[in-house]
Amino acid sequence: MINTRLLVCLSTFAYALLIFSYPPSFYNDDSLFFVNGILNFSVLDFSPHFPGYPTLVILGKFINLFLDDAKNSLFILTASCAILLPAILYLYVKKLKDENSAFIVFILSISSVYLLNISLSMLSESVGLFFLFLSLYTLEIKKYKISGVLLAFSFFARPSYIVLFLAEFIYLALFKKEVLKSVFVSFLATSLLFLVFIFASHGMLYIYEAKRFITGHFSIWGIGQNTQKNWFMHFFNFVNIPFIFLFFCFYKYEKNFTLLYMMFCAYFVWLINAQNPDNLRHFIPLVLFANIFLSSVLVRKKVILTIIFCFNIFVVHSYKEKISPIDQIIRYIKDENKIVISNRSIEILKNGLKNRVFDNYYTHTAQYYRQNQKSYLITTRKPKTKPYKIFYGRFLGEHTFYLVN
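Now for a description of the structure that goes with this document. As the structure is a computational prediction, the values presented were derived from the model and not from experiment. Here, residues in each chain are numbered from 1, in the same order as that chain's written sequence. Residues qualify for local features only when their pLDDT is at least 70, as the model is predicted, and side-chain atom pairs are given and counted only at 80 or more; totals for whole chains, interfaces and linings, by contrast, use all residues. Side-chain figures throughout are based on the complete set of non-hydrogen atoms in the structure, without hydrogens or water.

Within the protein one finds 18 helices and 5 strands. Computation of the radius of gyration draws on C-alpha atoms, with the globule rule given as 2.2 Å multiplied by the number of residues to the power 0.38. Here the C-alpha atoms of the protein give a radius of gyration of 22 Å, agreeing with the 22 Å that 2.2 N^0.38 yields for 405 residues. Structurally, the protein occupies a C-alpha span of about 65 × 55 × 40 Å along its principal axes. In the protein, of all internal contacts separated by at least 6 residues, the share reaching a separation of at least 24 is 72%. The averaged location of the 21 negative side-chain charges in the protein is 6 Å from the averaged location of its 39 positive side-chain charges. Only DSSP runs of H or I with at least four residues qualify as helices, and only runs of E with at least two residues qualify as strands; both kinds are numbered from the N terminus onward. Here a residue-residue contact requires only that any non-hydrogen atoms of the pair lie within 4.5 Å. Positive residues here are Lys and Arg, negative ones are Asp and Glu, while His and the chain termini are left out of the count. Here the site of a charge means NZ on Lys, CZ on Arg, CG on Asp, or CD on Glu.

Dropping the structure here:
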């Protein structure tokens, strides 16, 4: 009989070696803001932006005590959570259902190109998902107070997963009333500690920034008003071919998966209506839930599972770059006298270049400078005229950048 625990440990170690063969590299300005937050926590100064992500900041500060390198500290934190996530899923599904299903979930998750995304992006998704599924696991082993604490860690790492937490509390209220109080009280108590940490630094200014940021998110930048993409384009991406087997799940309801069904549906509605399709990483919670659902279909179909695993590995290894496109561009630009105009990663460019940098969002200003000074134009939209240089991403969801001299 295959020792699945040993395979999980060895595979996790091998995946860790792969991820840590990459150097820390900024995905976008948000990853830079997290680094700034580790050094000097200030939501008002976008270090990081609202809501502050105190879980990341506190854990990042702790790691940085030993490294004295905030960028590496953030990378170690976010990458480690992503690396361990498939193993946590294994433990959770093993307790929820059985060992064979758990190992299938592990195989699907650790080979997924989506895991590569949250392993390298240095953002909050990996930390939020790690604590979420660790919380669900402790719930299954009846460590209810610990589950509530971990749920708070997840919430303050990734507050945009709020619908997942609401779905869990509704589930507990409906099906496990005797558990609800223990989980909720420990969740609330831990949340208050995080809020004390935030308000000790910001006071009531945090509330004013919250109003400003939330209004801006839902009216200006947060739900994809300026993007040419939509979520259905992501759903029908060829890398999602294995998920066609989800249709068979409709014929096999798993009572043990009731909470996961509720979370999946709640997050699907939230994703479509309140998340920016320009950022593929918002899609990843659905992928992990789907992997769990697929375990019921693939548990006796080893040939199909092997094909999916090989397909996933092929997709992962189709990405060759080791650093992000914006860091590639920073290394490429040599002429410090030219101005730089970009539609993304403005703060990273300002931080990494000596050139003057302008945001292409302010179109009239950008056009004026481009017409009157020598410039580099950086864009994620393919230019209509040549020549231009292409800089590819490290994983699915990392934009291809174009540089026009």
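After that view of the structure, there is still more to cover.
Most peptide bonds take the trans form, and the phi angle of most residues other than glycine is negative. Following serine 47, the chain continues to proline 48 via a peptide bond in cis, the omega torsion being -5°. Relative to the assigned elements, proline 48 resides in the loop between helix 2 (29–39) and helix 3 (54–67). Across the junction of phenylalanine 50 and proline 51, the peptide omega takes the value 10°, indicating a cis bond. With respect to the element layout, proline 51 can be found in the loop between helix 2 and helix 3. Even without a glycine there, the phi angle at tyrosine 53 is positive, about 50°. Tracing the backbone shows tyrosine 53 in the loop between helix 2 and helix 3. The backbone phi angle of lysine 142 is positive, close to 70°, even though this residue is not glycine. Tracing the chain through its elements places lysine 142 in the loop between helix 7 (125–140) and helix 8 (144–155).

Time to look at the sheet that holds strand 3 (residues 375–379). What the 5 strands build is an open sheet, ordered 2-1-3-5-4; its pairing is mixed. Unpaired on one side and paired on the other, strand 2 (357–359) and strand 4 (389–391) mark the two borders of the sheet. Going from strand to strand, the sheet's axes swing by 20° on average, the running direction of each strand aside. Direction of pairing for strand 1 (residues 339–342) relative to strand 2: parallel, over a ladder of 3 bridges. Residue pairing for strand 2: valine 340 is matched across the bridge by valine 357. Here the rule is simple: two strands pair whenever DSSP picks up at least two bridges between them. Think of each axis as a best-fit line through the C-alpha atoms, taken over the contacting stretch in the case of a helix, with angles from 0 to 180 degrees between the N-to-C directions.

With that settled, consider the environment of lysine 95. Mapped onto the secondary structure, lysine 95 falls in helix 4 (residues 70–96). Exposed residues in this analysis have more than 50% of their type's maximum accessible area, buried residues have under 20%, and partly exposed residues fall in between, with area computed by a 1.4 Å probe over protein chains only. The class of lysine 95 is partly exposed, set by a relative accessible area of 48%. Once the C-alpha coordinates of lysine 95 and glutamate 140 are considered, the two residues, 45 residues apart in sequence, prove to be 6.7 Å apart. Setting aside chain neighbours within four positions, we find lysine 95 in contact with Tyr137, Glu140 and Ile141.

In this section: the pattern of salt bridges. The rule for a salt bridge is simple: a side-chain nitrogen of Lys or Arg has to be within 4 Å of a carboxyl oxygen of Asp or Glu. Here the structure, examined in full by the defined rule, presents 6 salt bridges. In this structure, the salt-bridge partner of glutamate 254 is lysine 97, at a minimum N-O distance of 3.2 Å. With a gap of 157 residues between them, glutamate 254 in the loop between helix 12 (231–235) and helix 13 (258–274) and lysine 97 in the loop between helix 4 and helix 5 (99–110) connect regions that are remote in the sequence. Given a relative accessible area of 12%, glutamate 254 falls into the buried group. Given the relative accessible area of 25%, lysine 97 is considered partly exposed. The salt bridge partner of glutamate 125 is arginine 158, with a shortest N-O separation of 3.0 Å. Highlighted residues: glutamate 125 in helix 7 and arginine 158 in the loop between helix 8 and helix 9 (162–175), separated in sequence by 33 residues. Grouping residues by exposure puts glutamate 125 and arginine 158 together as buried.

Here the focus is the packing of helix 3 against helix 4. Direction vectors running N to C along helix 3 and helix 4 enclose 120°, while the axes themselves pass 8 Å from each other. The orientation of helix 3 relative to helix 4 falls into the category oblique. The handedness of the crossing between helix 3 and helix 4 is right-handed. Seen from helix 3, the contacting residues are Leu56, Leu59, Gly60, Ile63, Asn64 and Leu67; seen from helix 4, they are Ala70, Asn72, Ser73, Leu74, Ile76, Leu77 and Thr78. Lys, Arg, Asp and Glu make up the charged group, whereas Ala, Val, Leu, Ile, Met, Phe, Trp, Tyr, Cys and Pro make up the nonpolar group; the residues left over, Gly among them, are polar. The class makeup of the residues in the contact of helix 3 with helix 4 is 8 nonpolar, 5 polar and no charged. If an angle is under 35 degrees, it is roughly parallel; if it is over 145, roughly antiparallel; if it lies from 65 to 115, roughly perpendicular; otherwise it is oblique. Rotating anticlockwise by less than a right angle from the far helix to the near helix defines a left-handed crossing, while the corresponding clockwise rotation defines a right-handed one.

Each nonpolar core is a collection of buried residues, namely Ala, Val, Leu, Ile, Met, Phe, Trp, Tyr and Cys, held together in the definition by side-chain atoms within 4.5 Å. In terms of nonpolar packing, the biggest core is built from 128 residues, with Tyr114, Leu129, Phe133, Leu260 and Phe283 touching the most fellow members. The leading source of residues in this core is helix 4, at 16 residues. Among all residues touching leucine 260, those that are not within four sequence positions of it are Tyr92, Leu96, Leu136, Phe289, Ile292 and Phe293. Counting 9 residues, the second-largest nonpolar core is a separate cluster that includes Ala366, Leu377, Tyr388 and Tyr402.

This next bit is on the pairing of strand 5 (residues 401–404). Burial along strand 5 is two-sided: the face carrying Phe401 and Leu403 and the face carrying Tyr402 and Val404 are both buried. Both strand 3 and strand 5 contribute to a ladder of 3 bridges, which runs antiparallel. In the strand pairing of strand 5, isoleucine 378 is matched with leucine 403. For strand 4 and strand 5, the ladder comprises 3 bridges, and the chain directions are antiparallel. In the strand pairing of strand 5, phenylalanine 391 is matched with phenylalanine 401.

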